[in-house]
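Inside the fold
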Amino acid sequence: MSPSTCRLLASGLGAGRVPVAPGTAGTLAAVPLVWALAHLPPAVELLLLVVSLPAAAAVCDRAAKLDGRGDPGWIVLDEMVGFWVAVVLLPPRPLHLAAGFVLFRLFDIVKPPPAGWLDRNMKGGWGILLDDVAAGLWTRLVLGVILWFAAPGS
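I will try to describe carefully the structure that is included in this document. (Residues numbered from 1 in each chain as written. Predicted model: local features only at pLDDT ≥ 70, side-chain atom pairs only at ≥ 80, totals over all residues. Heavy atoms only, no water.)

Regarding helix H2 (residues 22-37)
Note the threshold: Counting from the N terminus, the helices are the DSSP runs of H or I reaching at least four residues and the strands are the DSSP runs of E reaching at least two. Given the number of residues in a helix, its expected span is that number minus one, multiplied by 1.5 Å. For a residue, the bend is simply the angle between two axes, fitted respectively to the seven-residue segment ending there and the seven-residue segment starting there. Exposure categories follow from relative accessible area, calculated using a 1.4 Å probe and restricted to protein chains: below 20% of the type maximum is buried, above 50% is exposed, and the middle band is partly exposed. We call two residues in contact when some of their heavy atoms are within 4.5 Å.
For H2, spanning 16 residues, the distance from its first C-alpha to its last is 23 Å, which sits close to the expected 22 Å at 1.5 Å a residue. Considering bend angle alone, the principal kink of H2 is centred on Val31 and spans about 30°; proline Pro32 follows within four residues of it. For H2, the complete set of buried residues consists of Gly23, Ala25, Gly26, Thr27, Ala30, Val31, Val34 and Leu37. Elements that come into contact with the buried residues of H2 comprise helix H3 (42-67), helix H4 (77-87) and helix H5 (94-110).

Have a look at this one:
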């Protein structure tokens, strides 16, 4: 992969280049992609998510090396994958995506365990990616509880 292609993918097709809140912009850029993926059969969506993890880690690692910094803010592919983790297998409804977006951004900023530890201690592409995956898992857990209590007849 060429350096320019790597930078383009790592920046979420340029979303990470916005001057303010690039992580939020990257997460927002993920919404239409995640919405489209949610229309695939569940097994296919899960397989694509699993395959995307090492691919995203590799892209993030190479982009960070090209930049010369550990985790530059313009790399937002990690937010995109983390958001996907947050809403995977949920029906693609606007309320689910909006709630997932807000909760994911909160957990990505606050970094509850183990996200904070991963952010501080893991280096390279996996270090860039895994704190966002952890934030996505926290989001998915909270969304699951909310949706369980909100279900009719509960």
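A few points about unusual backbone geometry
Of note, the amide linkage connecting Pro113 to Pro114 takes the cis form, showing an omega dihedral of 0°. Positive phi, close to 60°, is recorded for Leu13, a residue that is not glycine. At Lys111, a residue that is not glycine, the phi angle is positive and equals roughly 55°. Mapped onto the elements, Lys111 comes out in the loop between H5 and helix H6 (115-121).

Quick look at a nonpolar patch on the surface
Selection criterion: Put simply, a patch holds well-exposed residues, over 30% relative accessible area, that have no salt bridge, with like charges counted together within 9 Å and Val, Leu, Ile, Met, Phe, Trp or Tyr side chains within 5 Å. All accessible-area figures derive from a Shrake-Rupley calculation using a 1.4 Å probe, and residue coverage is judged against the displayed protein chains alone. By salt bridge we mean one thing: a side-chain nitrogen of Lys or Arg within 4 Å of a carboxyl oxygen of Asp or Glu.
Together, Trp138, Leu141, Val145, Trp148 and Phe149 line one region of the surface with nonpolar side chains, adding up to about 570 Å² of accessible area. Along the polypeptide, Phe149 turns up in helix H7 (residues 124-150). Overall, the relative accessible area of 58% leaves Phe149 in the exposed class.

Side note on the side chain of His96
Locating His96 in the fold gives a position in helix H5. Every residue in contact with His96, bar those within four places of it in the chain, is listed here: Val87, Leu90, Pro91, Leu143 and Leu147.

Some details on the layout of surface pockets
Remark: the empty space left among the atoms is shown by a probe the size of a water molecule rolled over them. For clarity, the threshold we go by: With a 1 Å grid laid over protein atoms only, a set of points is called a cavity when a 1.4 Å probe fits there but cannot get out and a pocket when it is open yet has protein on both sides within 12 Å along at least five of seven lines; lining residues have an atom within 4 Å of a point. Grid points are joined across faces, edges and corners, and a volume is the space filled by probe spheres set on the points. Here the nonpolar group is Ala, Val, Leu, Ile, Met, Phe, Trp, Tyr, Cys and Pro; Asp, Glu, Lys and Arg are the charged ones; every other residue, Gly included, is treated as polar.
The calculated volume of the largest pocket comes to roughly 360 Å³. Taken together, 17 residues form the lining of the largest pocket, with Leu33, Leu77, Met80, Val81 and Trp84 sitting closest to its centre. Going through the elements one at a time, H2, H3 and H4 are the ones with two or more residues in the lining of the largest pocket. A class-by-class count of the residues in the lining of the largest pocket yields 15 nonpolar, two polar and no charged. Of the volumes computed, that of the second largest pocket is approximately 160 Å³. Where the lining of the second largest pocket is concerned, the elements lending two or more residues are H2, H4, H5 and H7. Considered class by class, the residues forming the lining of the second largest pocket number four nonpolar, three polar and nine charged.

A look at the packing of H4 against H7
The following threshold applies: To get an axis, a line is fitted to the C-alpha atoms, and for a helix only the part in contact is used. The angle between two axes follows their N-to-C directions and goes from 0 to 180 degrees. Any angle that is under 35 degrees is reported as roughly parallel, and any over 145 degrees as roughly antiparallel; angles of 65 to 115 degrees are reported as roughly perpendicular and all others as oblique. Handedness of a crossing is defined here by the sense of rotation of the near helix relative to the far one, left-handed for an anticlockwise turn of less than a right angle and right-handed for a clockwise turn.
Contact geometry of H4 with H7 gives a least axis separation of 7 Å together with a crossing angle of 25°. One element, H4, and the other, H7, form an angle in the roughly parallel class. Read as a crossing pair, H4 and H7 show a hand that is right-handed. Between H4 and H7, the contacting residues are Asp78, Glu79, Val81, Gly82, Val85, Ala86 and Val87 on the first element and Ile128, Leu129, Asp132, Val133, Gly136, Leu137, Thr139, Arg140 and Leu143 on the second.

Examining the nonpolar core
For clarity, the cut-off: By convention a nonpolar core is built from buried Ala, Val, Leu, Ile, Met, Phe, Trp, Tyr and Cys residues, the set being connected through side-chain atoms within 4.5 Å.
Counting residues in each nonpolar core, the largest one holds 35 residues, and the members touching the most others are Val34, Ile75, Phe83 and Val87. When residues in this core are grouped by element, the largest group, eight residues, is from H4. Look past the residues within four positions of Ile75 in its chain and what remains in contact with it is Ala10, Cys60, Ala63, Ala64 and Ile128.

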